Amino acid sequence: LNQQQQQQTQDPPHCAVVPIVVSNAEQESWRRANNNNSDDPSSSQLPPVAVGTAALMEYLLQTEGVDTQFSFCLGADSFLSLMEGKWNESPRVLELLRGQFIVV
């Protein structure tokens, strides 16, 4: 391979490094689920609890108020997975959404 082909093989133009950003709401819902006030997951004596959509929505309803209305935008494949119960806590997610979702 020539130098240009080697570079393309190593670093395809369609692949970019994108930093992962965690919102404050995601971080706080994780802390609550893990009963942990630290940013360091290793500070807890218990194994970390996975936090999904239901926990995040519960946190947002508690902090933003129960009268807050949310819209949930997702693709058709994700919508079908949610309706088929393939998501963690699918029934709870649907209950919390109160039918307010947009499928694209």
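Predicted model only: the values in this text are computed from it and were never measured. (Residues numbered from 1 in each chain as written. Predicted model: local features only at pLDDT ≥ 70, side-chain atom pairs only at ≥ 80, totals over all residues. Heavy atoms only, no water.)

1. Some points on the packing of helix H2 (residues 24-33) against helix H3 (residues 53-64)
Thinking step 1. Where H2 meets H3, the axes come as close as 9 Å, and the angle between the chain directions of the two elements is 105°. Considering their axes alone, H2 and H3 lie roughly perpendicular with respect to each other. In this structure, H2 contributes Ala25, Glu26, Glu28, Ser29 and Arg32 to the contact, and H3 contributes Ala55, Leu56, Tyr59, Leu60, Gln62 and Thr63.
Thinking step 2. Residues belonging to the contact of H2 with H3 are distributed by class as follows: five nonpolar, three polar and three charged. (Axes fitted to C-alpha atoms, helices over the stretch in contact; angles between N-to-C directions. Helix = DSSP H or I, 4+ residues; strand = E, 2+ residues; numbered from the N terminus. Parallel < 35°, antiparallel > 145°, perpendicular 65-115°, else oblique. Contact = heavy atoms within 4.5 Å. Nonpolar A, V, L, I, M, F, W, Y, C, P; charged D, E, K, R; others polar.)

2. Side note on the side chain of Arg31
Thinking step 1. With respect to the helices and strands, Arg31 occurs in helix H2.
Thinking step 2. A polar contact is formed between the side chain of Arg31 and the side chain of Glu28, at a distance of 2.6 Å. (Polar contact = N/O pair within 3.5 Å; in protein donor to acceptor, adjacent residues only side chain to side chain.)

3. With respect to the confidence of the model for the protein chain
Thinking step 1. Of all residues in the protein chain, 66% attain a pLDDT of 70 or more, and the chain-wide mean is 76.
Thinking step 2. Looking over the protein chain, one finds the lowest element-wise mean pLDDT in helix H1 (residues 3-10), namely 51, and the highest in helix H4 (residues 76-83), namely 93. (pLDDT = per-residue confidence, 0-100.)

4. Quick notes on the environment of Ser90
Thinking step 1. Relative to the helices and strands, Ser90 resides in helix H5 (residues 90-97).
Thinking step 2. Assessed through its relative accessible area of 2%, Ser90 is described here as buried.
Thinking step 3. With 37 residues separating them along the chain, Ser90 and Thr53 place their C-alpha atoms 9.0 Å apart.
Thinking step 4. If we ignore the near neighbours within four places in the chain, the residues touching Ser90 are Leu82 and Gly85. (Buried < 20%, exposed > 50% of the residue type's maximum accessible area, 1.4 Å probe, protein only.)

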